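# An overview of the molecular structure
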Amino acid sequence: MPVRTEKEVSAGGVVYRKVGDKIQFVLISPKEGRWCLPKGQIGENESEEETALREVKEETGLKCKIIQKIETIEYWYFSKERGIRLHKFVHFFLMEYIEGSTENHDWEVIDAKWFDADEAIDKASFQSEKDVLKKGLEILRNAI
């Protein structure tokens, strides 16, 4: 019997701040040993941008503003809990940090931390998110 496939659409953010002459990005750890960009499913009657800002606030404790869209990534994975294959699309936005503390992240993640840009790229657990971080850094370097 073939496995059912569903499409899932999420949005998230590459949050940055400048500390002196360095650029830092925030990453979340949803489980031990894994570092990711904050993201989540788009809610009913919610835009990509609204979802990205909400998910970043929930998962990092940070209030941000969107600078621009970076890109949309896609990947496939199997959900053991649901017994289905998912084709996931994630819309990522470059976001400027406004206020808040990573200590105020929600229960969905075990940690949220700031890293210097190169360290964040190195720590990110998935190549697609490393690439999104690199693109965000390139946008920032060209704007500065």
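Here, the structure is the one placed above.
First things first, this report covers the structure right here in the doc. Given the structure is predicted, the values throughout are model-derived calculations rather than measurements. (Residues numbered from 1 in each chain as written. Predicted model: local features only at pLDDT ≥ 70, side-chain atom pairs only at ≥ 80, totals over all residues. Heavy atoms only, no water.)

## Some remarks on the overall build of the protein chain
- Helix and strand counts for the protein chain stand at 3 helices and 7 strands.
- Listed by position from the N terminus, the elements making up the protein chain come as β-β-β-β-α-β-β-β-α-α.
- Taken over the C-alpha trace, the protein chain has a radius of gyration of 15 Å; the compact-globule value for 144 residues is 15 Å, and the two agree within 12%.
- In terms of principal-axis extent, the alpha carbons of the protein chain reach across some 60 × 30 × 30 Å.
- Of note, the protein chain has its 23 positive side-chain charges centred 3 Å away from the centre of its 28 negative side-chain charges. (Helix = DSSP H or I, 4+ residues; strand = E, 2+ residues; numbered from the N terminus. Rg over C-alpha atoms; globule rule 2.2 N^0.38 Å. Lys, Arg positive; Asp, Glu negative; His and termini not counted. Charge placed at Lys NZ, Arg CZ, Asp CG, Glu CD.)

## Quick look at the pattern of salt bridges
- Counted by the stated rule, this structure contains 13 salt bridges.
- A salt bridge links E58 to R54, with the shortest nitrogen-to-oxygen separation between them at 3.5 Å. Of the two residues, E58 and R54 both sit in helix α1 (residues 48–60), 4 residues apart, roughly one turn of that helix.
- The exposure class of E58 is partly exposed, given its relative accessible area of 29%.
- Overall, R54 belongs to the partly exposed group, its relative accessible area being 27%. (Salt bridge = Lys/Arg side-chain N within 4 Å of Asp/Glu carboxyl O. Buried < 20%, exposed > 50% of the residue type's maximum accessible area, 1.4 Å probe, protein only.)

## Some words on the side chain of T60
- Residue placement: T60 occurs in helix α1.
- Within the structure, T60 has its side chain in polar contact with the backbone oxygen of V56 (distance 2.5 Å).
- A distance of 3.1 Å separates a polar side-chain atom of T60 from the backbone nitrogen of L62.
- If sequence neighbours within four positions are ignored, T60 has contacts with V26, I28, P38, E55, S101, T102, H105 and A112. (Polar contact = N/O pair within 3.5 Å; in protein donor to acceptor, adjacent residues only side chain to side chain. Contact = heavy atoms within 4.5 Å.)

## Focus on the packing of aromatic side chains
- Applying the stated criterion to the full structure yields 3 aromatic pairs.
- Both rings, one in Y75 and one in Y77, keep their centres 6.1 Å apart while their planes meet at 35 degrees; by these two values the pair is tilted.
- The partly exposed category is assigned to Y75, whose relative accessible area is 26%.
- For the ring pair Y97 and W114, a centre distance of 5.4 Å and an interplane angle of 80 degrees mean the geometry is edge-to-face. On the criterion of sequence distance, the pair formed by Y97 in strand β6 (residues 84–100) and W114 in strand β7 (residues 111–116) is long-range, its members being 17 residues apart. (Phe/Tyr/Trp six-rings, centres within 6.5 Å; stacked < 30°, edge-to-face > 60°.)

## Remarks on the layout of surface pockets
- Estimates place the volume of the largest pocket at around 680 Å³.
- For the largest pocket, the lining is made up of 21 residues, of which R34, K39, Y75, Y77 and K88 are closest to its centre.
- If you list the elements that add at least two residues to the lining of the largest pocket, you get β2 (22–31), β3 (34–36), β4 (39–41), α1, β5 (62–79) and α3 (127–143).
- Along the lines of polarity and charge, the residues of the lining of the largest pocket split into 9 nonpolar, 3 polar and 9 charged. (1 Å grid on protein atoms, 1.4 Å probe; cavity = no way out; pocket = protein on both sides within 12 Å on 5 of 7 lines; lining within 4 Å. Points joined across faces, edges and corners; volume = space filled by probe spheres on them. Nonpolar A, V, L, I, M, F, W, Y, C, P; charged D, E, K, R; others polar.)

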